[in-house]
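# Report on the structure
Residue strings, one per chain:
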Amino acid sequence: MRCVHVKTDSASYDVKIGAGLLDTIGRELRVCTDAKTVVVVSGENVFPIYGERVLNSLRSAGFRAEAKVFPSGEETKSLASYGELLNLLTECRLTRSDCLVALGGGVTGDLTGFAAATYQRGIRYVQVPTTLLAAVDSSVGGKTAVNLPAAKNQVGAFHQPSLVLCDTGTLDTLPERELNAGFAEVIKDSVIADPDLFDLLQQGNFDRESIIEACVNMKADIVAEDEHDFGRRRLLNLGHTFGHAIEARSRYELLHGEAVAIGTAMIVRAAVRMGILDTGSRDAVIELLKQFRLPVEPPYSADELFDILLLDKKIASGRLHLIVPRSVGWCEAIPVDREALRRWLEAAYE
Ligand code: NAD
Ligand code: GLY
């Protein structure tokens, strides 16, 4: 079992990584909360496989444990699901000392975290990520949100979990397409700050625990310095500015990680055209994405994407920071206004 400690201005918690950790959740929760009732929030693909183990472990440790299962998919990250969940918490008479458990991928984690951030002005929650993307990214760092029809993650809060329990055994049942989408975030992390991880991925010689530990270590380091995303945390958005526009344009037909892969390929191409990155690094990043069967070509024109980019709340208020690699393991946040963003976008097409 690996353990990474995360310490931010508002919280301090462990991320435990290893096979079989689901069965320890009751015992773990006894240590980090004084809850009496725990509500496990999950998705319809995940709960039938792992729900009973989690409920049994919680009940064996003396908790009253209830479950709420949502349909799978991005549509669940909505105000409607959020309201439904809050009403259930009230029906279960959850108090401020009780706790939620998010058992699932990033959709479950973001929704549960936002409910925990706001129910009775904030209660504890535990992240139990069951996708690679959630293990390496969304379960750590406290960003929680739901979507509005017009845009992703428009309503949310920073609210750190009390514990992240990452049972790597759950990745065995994850469909291959979802697993590869998670690798898009792992590759992203390696390009941002970890050339050793990049080499490991290229060689294909790694185990899940070490990959997840490397990414969580990097994220812990970044959120310790910049919990609220005003500085270094922006680097984690590599590939996301173009990626989010592509994801939205596809109406979520493309997975988040797939859109990030295309966004990453676009930004390395643009960085070469702007004279910031060498062609060897560009080709290595694109090859690595392809190695994990990730898409690398933008399926939409620059004109189509630019209209969506203009909806970005950051550019709408004047400028946004585009994350651009200078080499593998070294990225920079470049402030761009609307005109510069258009130039960068056009440079991303070869
Ligand atoms: P997801 O939560 O939709 O899960 C992917 C699919 O896999 C779903 O159908 C789910 O039911 C299924 N699944 C999950 N675990 C499984 C398992 N072990 N076995 C079988 N099936 C399983 O997708 P995701 O990629 O985990 O998360 C994407 C979401 O995360 C997006 O909404 C994105 O915005 C968000 N996100 C948040 C952050 C953050 O910092 N909060 C960071 C990155 C992404
Ligand atoms: N996933 C980006 C962040 O946590 O900041």
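Scroll up for the structure.
So, here is what we can say about the structure in this document. (Residues numbered from 1 in each chain as written. Chains lettered and ligands numbered in written order. Predicted model: local features only at pLDDT ≥ 70, side-chain atom pairs only at ≥ 80, totals over all residues. Heavy atoms only, no water.)

## Topic: the sheet that holds strand β1 (residues 2–7)
The mixed open sheet is built from 7 strands, whose spatial order is β1-β2-β9-β6-β5-β3-β4. Strands with a single pairing partner mark the edges of an open sheet, and in this sheet they are β1 and β4 (64–70). This sheet shows a mean twist of 15° between the axes of neighbouring strands, independent of strand direction. Where strand β6 (residues 124–129) meets strand β9 (residues 163–167), 2 bridges bridge the pair, whose relative direction is parallel. Looking at β9, one finds that Gln127 is bridged to Val164. (Pairing = 2+ DSSP bridges. Helix = DSSP H or I, 4+ residues; strand = E, 2+ residues; numbered from the N terminus. Axes fitted to C-alpha atoms, helices over the stretch in contact; angles between N-to-C directions.)

## With respect to the packing of helix α10 (residues 256–273) against helix α11 (residues 279–291)
The N-to-C vectors of α10 and α11 enclose an angle of 170°; their axes lie 9 Å apart at closest approach. By the angle class used here, α10 and α11 are roughly antiparallel. The residues of α11 that touch α10, namely those facing Ala261, Thr264, Ala265, Val268, Arg269 and Val272, are Thr279, Arg282, Val285, Ile286 and Leu289. Within the contact of α10 with α11, the residues separate by chemical class into 7 nonpolar, 2 polar and 2 charged. (Parallel < 35°, antiparallel > 145°, perpendicular 65-115°, else oblique. Contact = heavy atoms within 4.5 Å. Nonpolar A, V, L, I, M, F, W, Y, C, P; charged D, E, K, R; others polar.)

## Re the nonpolar core
Counting 76 residues, the largest nonpolar core has Val15, Val186, Leu201, Ile212, Phe242, Leu341 and Trp344 as the members making the most contacts within it. Look past the residues within four positions of Leu201 in its chain and what remains in contact with it is Phe183, Val186, Ile187, Ser190, Phe206, Ile211, Leu288, Gln291 and Phe292. Within the second largest apolar cluster, 22 residues are counted, among which are Leu21, Leu22, Tyr50 and Leu58. (Core = buried A, V, L, I, M, F, W, Y, C linked by side-chain atoms within 4.5 Å. Buried < 20%, exposed > 50% of the residue type's maximum accessible area, 1.4 Å probe, protein only.)

## Structural notes on the site of ligand 2
In the region of ligand 2, the neighbouring residues are Asp137, Lys143, Lys219, Arg233 and Leu236. The contact in question runs from an oxygen atom of ligand 2 to an N or O atom on the side chain of Arg233, over 2.7 Å. Alone, ligand 2 offers 200 Å² of accessible surface; in the complex the protein occludes 88% of this. Its residues placed into classes, the shell around ligand 2 shows 1 nonpolar, no polar and 4 charged. (Near = heavy atom within 4 Å. Polar contact = N/O pair within 3.5 Å; in protein donor to acceptor, adjacent residues only side chain to side chain. Areas by Shrake-Rupley, 256 points an atom, 1.4 Å probe, with all protein chains shown as cover.)

## Some words on the pairing of strand β2 (residues 12–18)
Across the 7 residues of β2, 5 count as buried, placing the element largely inside the fold. Adjacent in sequence and paired antiparallel, β1 and β2 are bridged by 4 residues. When β2 meets β9, the two strands line up parallel, connected through 5 bridges. Each residue of the ladder has a partner; that of Asp14, found in β9, is Leu163.

## As for the site of ligand 1
Neighbouring ligand 1 are 25 residues, the closest being Glu74, Thr130, Thr131, Lys152 and Thr173. Separating an oxygen atom of ligand 1 from a side-chain N or O atom of Asn45 is a distance of 3.1 Å. Separating a nitrogen atom of ligand 1 from a side-chain N or O atom of Asp110 is a distance of 2.9 Å. Burial of ligand 1 by the protein amounts to 89% of the accessible area it has alone, namely 860 Å². Sorting the residues of the shell around ligand 1 by element identifies α4 (106–118), α5 (132–138) and β8 (151–158) as the ones contributing at least two each.

## Looking at the environment of Gln160
Along the chain, the position of Gln160 falls in the loop between β8 and β9. The sequence separation of Gln160 and His256 amounts to 96 residues, and the corresponding C-alpha distance is 22 Å. Apart from the residues within four sequence positions on either side, Gln160 is in contact with Thr8, Ser10, Ala11, Tyr13, Tyr125, Gly141, Gly142 and Glu227. Here the side chain of Gln160 touches Gly142 through a polar contact of 3.3 Å, landing on its backbone nitrogen.

## A look at the side chain of Asp229
Looking at the element boundaries, Asp229 is found in the loop between α8 (208–225) and α9 (240–249). According to the relative accessible area criterion, Asp229 is buried, its value standing at 17%. Only 2.8 Å separates the side chain of Asp229 from the side chain of Lys143, close enough to count as a polar contact. If near-sequence neighbours (up to four positions away) are discounted, Asp229 is found in contact with Lys143, Phe158 and Arg234.

## Describing the side chain of Lys77
The residue Lys77 is located in the loop between β4 and α3 (79–91) in this model. We classify Lys77 as buried; its relative accessible area is 4%. Leave out the neighbours within four places in its chain, and Lys77 touches Val107, Asp110, Ala145, Val146, Asn147, Lys152 and Asn153.

## Comments concerning α9
Each full turn of the α-helix corresponds to 3.6 residues, which orients residues three or four apart in the same direction. In terms of burial, α9 is largely enclosed, as 7 of its 10 residues are buried. Residues of α9 that are buried include every one of His240, Thr241, Phe242, Gly243, Ala245, Ile246 and Glu247, and no others. Those residues of α9 that are buried are in contact with β8, α6 (176–193), α10, α12 (302–309), β10 (320–327) and α14 (338–347). Trailing α9 by a residue or two, Arg251 shows a phi angle of about 50°, which is positive.

## Things to note about the packing of aromatic side chains
Within this structure, the stated rule accounts for 4 aromatic pairs. A centroid spacing of 4.3 Å and a plane angle of 20° characterise the contact between Phe183 and Phe292, whose relative ring orientation is stacked. With Phe183 in helix α6 and Phe292 in the loop between α11 and α12, this residue pair connects regions lying 109 residues apart in the sequence. Phe292 shares its class with Phe183; the two are buried. Between Phe206 and Phe292, the ring centres sit 6.5 Å apart and the planes meet at 35°, which makes this aromatic pair tilted. In this pair, Phe206 sits in the loop between α7 (195–203) and α8 while Phe292 sits in the loop between α11 and α12, placing the two residues 86 residues apart along the sequence. Overall, Phe206 belongs to the partly exposed group, its relative accessible area being 29%. Linked through ring pairs, Phe183, Phe206 and Phe292 together constitute an aromatic cluster. (Phe/Tyr/Trp six-rings, centres within 6.5 Å; stacked < 30°, edge-to-face > 60°.)

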